[in-house]
Amino acid sequence: MEIDRRAFFASLGSAAVVHALPNDEERAEALEHYMTDLLDQQTSANELATIRRGAGDLFGAPGPSGSATPRPLRQLERMPERPTLVDFFKYRFAPATHVLQSATDAMRKGEKEETILACLMHDVVLNLIKVDHGWWGAQMIEPYVSEKVSWAIRHHQALRFYPDSSVGYEYPELYNRIFGKDYVPEQYIKKTYDYARNHKWYMEARMITVHDLYAFQPDMKVSLDPFIDIIGRHFKQPKEGLGFDGSPTAHMWRSMIFPDHPL
Ligand SMILES: [Fe+2]
Ligand SMILES: [Fe+2]
């Protein structure tokens, strides 16, 4: 489950309240309460919801604490004629805290540049669509990155449900309490995990999940600046601009440029 940190902090009063909590256990406790409330409210609000939960953030999202009333959409500026990836971060993905935290953690821990890029891009497609975001996210960037980077992003979604103690990734205890100990992911997720587990690039995807966990850190300051050069070296920016280069996924980028077009 993706956490909306702003809604989480709002539910507590302010971020300062979280800092004031004396230890990690209490912080985890606060987060757990928030997530449990969210699940309860989403379940009970199911029949009233006006936006399906799989819709991307640019197209609406559940309101604070998952209420049936959608969160008000934010004003979007018109994008430049030939938008770059950096423009998308600025005009459409901002504040992008989760992916920036993930990439920052990967960089601090000395990961290679392609892994840092994969962490930076691993969830940006949530602006377009949420359901099966690993697959959508990989496809969207496939024409512009190495096969390894898109492979990693495609498979991180399934790997999150399966521990790997060799890199210190455990199935989060929090998930047991929230989803129940008997929670079983869909069959296609399990199949994807089995396939990825035996693939030569397994670790490429696994490391996204390792840095994904560390990403929920309320005190980490983030910015896109440290990643501009990595984007320059590993993301093939089309000269016509993302959305206008005739690539097989240009329409996905255009949908985020023009989310209000009725057709
Ligand atoms: Fe993800
Ligand atoms: Fe993530």
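Right, let's walk through the structure included here. From a predicted model like this one, the values you see are computed outputs, not experimental measurements.

### Describing the nonpolar core
Judged by nonpolar contacts, the single largest core of 51 residues is most densely connected at Leu85, Phe89, Phe93, Leu120, Met121, Phe235 and Trp253. Leave out the neighbours within four places in its chain, and Leu120 touches Phe89, Val99, Leu100, Ala103, Leu224, Phe227 and Ile231.

### Considering the coordination of the iron ion (ligand 2)
Looking at the iron ion (ligand 2), the protein donor atoms are His98 (NE2), His122 (NE2), Asp123 (OD) and Asp212 (OD), and they sit 2.1 to 2.2 Å from it. Around the iron ion (ligand 2) sit four donor atoms; with metal-centred angles ranging over 82 to 166°, the donor geometry is irregular. Within one chain, the residues donating to the iron ion (ligand 2) are spaced in sequence as H-x23-H-D-x88-D.

### What about the coordination of the iron ion (ligand 1)?
Summarising the metal site, the iron ion (ligand 1) is bound by the protein donors Asp123 (OD), His133 (NE2) and His156 (NE2), whose distances to it range over 2.2 Å. Donor residues for the iron ion (ligand 1), ordered by position in the chain, follow D-x9-H-x22-H.

### Quick word on the packing of helix H5 (residues 97-108) against helix H6 (residues 113-121)
Running from amino to carboxyl end, H5 crosses H6 at an angle of 165°, the nearest separation of the two axes being 7 Å. With respect to each other, H5 and H6 are oriented roughly antiparallel. Here H5 and H6 pass one another in a crossing that is right-handed. Residue-level contacts link Val99, Leu100, Ser102, Ala103, Ala106 and Met107 of H5 to Ile116, Cys119 and Leu120 of H6. For the contact of H5 with H6, a count of residues per class yields eight nonpolar, one polar and no charged.

### Thoughts on helix H4 (residues 85-93)
Judged by how many residues are buried, H4 sits mostly within the fold: seven of nine residues are covered. For H4, the full list of buried residues reads Leu85, Asp87, Phe88, Phe89, Tyr91, Arg92 and Phe93. Buried residues in H4 make contact with H5, H6, helix H12 (228-234) and helix H13 (250-257).

### Focus on the packing of H4 against H13
At a closest axis distance of 11 Å, the pairing of H4 and H13 adopts a crossing angle of 40°. H13 is crossed by H4, and the crossing has left-handed handedness. On H13, the residues that touch Leu85, Phe88, Arg92 and Phe93 of H4 are Trp253, Met256 and Ile257. For the contact of H4 with H13, a count of residues per class yields six nonpolar, no polar and one charged.

Cut-off values and rules
Residues numbered from 1 in each chain as written. Chains lettered and ligands numbered in written order. Predicted model: local features only at pLDDT ≥ 70, side-chain atom pairs only at ≥ 80, totals over all residues. Heavy atoms only, no water. Core = buried A, V, L, I, M, F, W, Y, C linked by side-chain atoms within 4.5 Å. Buried < 20%, exposed > 50% of the residue type's maximum accessible area, 1.4 Å probe, protein only. Contact = heavy atoms within 4.5 Å. Donors = N, O, S within 2.8 Å, 3.2 Å for Na, K, Ca; no water. Tetrahedral: all angles 85-135°; square planar, octahedral: opposite > 155°, others 65-115°. Axes fitted to C-alpha atoms, helices over the stretch in contact; angles between N-to-C directions. Helix = DSSP H or I, 4+ residues; strand = E, 2+ residues; numbered from the N terminus. Parallel < 35°, antiparallel > 145°, perpendicular 65-115°, else oblique. Left-handed = near helix turned anticlockwise from the far one by under 90°. Nonpolar A, V, L, I, M, F, W, Y, C, P; charged D, E, K, R; others polar.

As far as function goes, none of this settles anything; it's purely spatial.
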